[in-house]
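As a plain string of letters, each chain reads:
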Amino acid sequence: MAISFELPPDLERDLEGMFENISQSAKEAFIIQGYQDRRFGMSTLRRLLGVSTRWEAEQWLADHHVGTNYSIQDLDDDRRTLQQVFENDA
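How each quantity is defined
- Within each chain, residue numbers correspond to sequence positions counted from 1 in written order.
- Thresholds applied to this predicted model are a pLDDT of at least 70 for local features of residues and 80 or more for the giving and counting of side-chain atom pairs; totals over whole chains, interfaces and linings are not thresholded and use all residues.
- Note that water and hydrogens are dropped before the side-chain values are worked out from all heavy atoms of the structure.
- Here a strand is any run of E in DSSP of at least two residues, a helix any run of H or I of at least four, and the numbering for each starts at the N terminus.
- With C-alpha atoms as the basis for the radius of gyration, the globule rule is written as 2.2 Å multiplied by the number of residues raised to the power 0.38.
- Each residue is placed in one exposure class: buried if its accessible area under a 1.4 Å probe, protein chains only, is under 20% of its type's maximum, exposed if it is over 50%, and partly exposed if it falls in between.
- A contact between two residues is defined here by any heavy atoms of the two lying within 4.5 Å.
- In these tables, accessible area is a Shrake-Rupley quantity obtained with a 1.4 Å probe, and a residue counts as shielded only by the protein chains included in the view.
- Just so you know, the count uses Lys and Arg for positive and Asp and Glu for negative, and it drops His and the chain ends.
- All charge positions are set by atom: Lys at NZ, Arg at CZ, Asp at CG, Glu at CD.
- The term salt bridge refers to a side-chain nitrogen of Lys or Arg lying within 4 Å of a carboxyl oxygen of Asp or Glu.

### A short note on the overall build of the chain
For the chain, the helix and strand inventory stands at five helices and zero strands. Taking 90 residues into account, the globule formula puts the C-alpha radius of gyration at 12 Å, and the chain, at 19 Å, lies well above it. Across its three principal directions, the C-alpha atoms of the chain cover 70 × 25 × 25 Å. Within the chain, the proportion of its 90 residues that are buried is 14%. Partitioning the intrachain contacts of the chain with sequence separation of at least 6 by distance along the chain shows that 33% fall at a separation of at least 24. With the model as given, the accessible surface of the chain reaches about 7400 Å², and the carbon-plus-sulfur share is 51%. Each charge class in the chain can be summarised by its mean position, and for the 9 positive and 17 negative side chains these summaries are 5 Å apart.

In structure tokens, the structure reads:
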């Protein structure tokens, strides 16, 4: 699916001077906003970027100054899960 929108010609000329590739910049802004709003997660982010590994996606986020969606609640959940795993192994 292709997504497009129209820009007034004078604004398009101005923006072309500010952005190397307006379409790519718009796509990246869409990806960043969707990820930050938690509308989609890392798997969808990877597919949208066309990268094969989580590490590549995390590097892309870092390069664009976007933090990962990992809250204190996520950390607490992970700690509980690890505690359960280690208790079951004992």
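What follows picks up the thread again.
### Concerning the pattern of salt bridges
Under the counting rule described, the total for this entry stands at four salt bridges. A salt bridge links Arg-38 to Asp-74; the shortest N-O distance between them is 3.9 Å. With Arg-38 in the loop between helix H2 (22–36) and helix H3 (42–49) and Asp-74 in helix H5 (residues 72–89), this pair connects stretches of sequence that are 36 residues apart. Note that Arg-54 is salt-bridged to Glu-58, the shortest N-O span being 2.7 Å. Of this pair, Arg-54 and Glu-58 both sit in helix H4 (residues 54–63), four residues apart, which is roughly one turn of the helix.

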